[in-house]
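Residue-level structure breakdown
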Amino acid sequence: MVHFTAEEKAAVANLWAKVNVEVAGGEILGRLLVVYPWTQRFFDSFGNLSSETAIMGNPKVKAHGKKVLNSFGNAVKHMDDLKGTFSHLSELHCDRLHVDPENFKLLGNMIVIVLATQFNREFTPQMQAAWQKLTTAVANALAYKYH
Amino acid sequence: MVHFTGEEKAVIANMWGKMNVEEAGGEALGRLLVVYPWTQRFFDSFGNLSSSSAIMGNPKVKAHGKKVLTSFGDAIKNMDNLKGTFAKLSELHCDKLHVDPENFRLLGNVLVIILASHFGKEFTPEVQAAWQKLVASVANALAHKYH
């Protein structure tokens, strides 16, 4: 089980409280689809993903990004039990959605980058370290029930 | 050979022109050492790396970071021949420095995050995609002469 220090938890919670989940969620998922275009294969039903502008403005991308990031909010509330928290989602992504777990790491990377663009200097090395630890741990938790 | 479009080259050169290479270099190397602490093993002679503030303030880290990022500037001038540009450095990192090439990807990742934190909204998805392509290509070029 990953252990987060009190400082790491505080750093994560402090930044999370300032995040606009709706806006950030859409941005994060959008950037995933732009920067790693093969991920678009999971979102055939989303309509127009033909350019950066189309992706970033796509209402289904924004809505789904918000859903994904809201779920990530659960991670922030349960940093001591990520595997338990994401157990059902892990099964879903394996059994129903057939998503390669490598994509969870890519999304985690997007979360860190979007936080960096939003918080600039406030996204200190310590903040970055805590958030990279969290996104890695969430990616592992989401992969945990794969078989 | 990786091919960069005219737009990708322009976007990268444009952002590079606005960077303070000395400052960004120190920040990039510092963050690498903070976020991925095992990388400190390559810098035993650097003195105090005992905390995030010690690392970020360490003059040897700043100086070496500047050197590394200045060398990265060569990539930007030679985007059509990265393997040739980094051939000697690749041999050096393999034969003399014994650096696992995975670390080049980690440094590339840190550089992208720094650009995101410095440039905020200006670090659009399109700009991000171009830079991620470049850092991945530089990492590959640096690994190319490994044996």
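Residues numbered from 1 in each chain as written. Chains lettered and ligands numbered in written order. Predicted model: local features only at pLDDT ≥ 70, side-chain atom pairs only at ≥ 80, totals over all residues. Heavy atoms only, no water.

Overview of the nonpolar core
To be explicit about the condition: Nine residue types can take part in a nonpolar core, namely buried Ala, Val, Leu, Ile, Met, Phe, Trp, Tyr and Cys, and a core is a set of them joined through side-chain atoms within 4.5 Å. With a 1.4 Å probe rolled over the protein chains alone, any residue whose accessible area is under 20% of its type maximum counts as buried; one over 50% counts as exposed, and the rest are partly exposed. Only DSSP runs of H or I with at least four residues qualify as helices, and only runs of E with at least two residues qualify as strands; both kinds are numbered from the N terminus onward. Between two residues, a contact is recorded if the distance between any of their heavy atoms is within 4.5 Å.
If you look at the biggest cluster of nonpolar residues, it comprises 81 residues, and the most contacted ones within it are Phe 123, Trp 131 and Leu 134 of chain A together with Phe 123, Trp 131 and Leu 134 of chain B. A total of 11 residues in this core trace back to one element, the largest contributor, which is helix 7 (residues 102-119) of chain A. Apart from the residues within four sequence positions on either side, Phe 123 of chain B is in contact with Arg 31, Ile 113 and Thr 117 of chain A together with Met 15, Val 112, Leu 115, Ala 116, Gln 128 and Trp 131 of chain B. Counting 16 residues, the second largest nonpolar core, distinct from the first, contains Leu 33, Phe 43, Phe 46 and Ile 55 of chain B.

Notes on the UniProt feature "domain: Globin" (unreviewed entry) in chain A
Just so we agree on the cut-off: UniProt positions are given in the numbering used here, feature names are shortened, and annotations may be inferred rather than shown by experiment.
Taking the numbering used here, the UniProt-annotated feature "domain: Globin" (unreviewed entry) corresponds to residues 3-147 of chain A. For residues 3-147 of chain A, the helix share is 70%, the strand share is 0%, and the end-to-end C-alpha distance is 25 Å.

Considerations on the interface of chain B and chain A
Filter applied, for reference: Values labelled buried area give the accessible surface lost by two parts on being combined, using a 1.4 Å probe and summing over both. Any Lys or Arg side-chain nitrogen found within 4 Å of a carboxyl oxygen on Asp or Glu counts as a salt bridge. Throughout this description, a polar contact denotes any pair of N or O atoms lying within 3.5 Å of each other; where both atoms belong to protein, one of them has to be capable of donating a hydrogen while the other can accept it, and for residues adjacent in sequence the pair is counted only when both atoms sit in side chains. Put simply, Ala, Val, Leu, Ile, Met, Phe, Trp, Tyr, Cys and Pro go in the nonpolar bin, Asp, Glu, Lys and Arg in the charged bin, and everything else, Gly too, in the polar bin.
Between chain B and chain A, the contact holds 24 residues from the first and 21 residues from the second. Roughly 1900 Å² is buried in total at the junction of chain B and chain A, and carbon and sulfur atoms are behind 54% of that figure. Broken down residue by residue, the surface that chain B buries against chain A is led by Arg 31, Ile 113 and Pro 125 of chain B, which jointly contribute 28%. Our count for the chain B to chain A interface comes out at two salt bridges. Between Arg 121 of chain A and Glu 23 of chain B there is a salt bridge, and its shortest N-O distance comes to 3.7 Å. Joining chain B to chain A, the criterion identifies 10 residue pairs in polar contact (both at pLDDT 80 or more). Residue assignment for the side of chain B that touches chain A shows that the elements contributing at least two residues are helix 2 (21-35), helix 3 (52-57), helix 7 (102-119) and helix 8 (125-143) of chain B. Ranked by the residues each element gives to the side of chain B that touches chain A, the list is headed by helix 7 of chain B, at seven residues. Of the residues that constitute the side of chain B that touches chain A, the class distribution is 11 nonpolar, eight polar and five charged.

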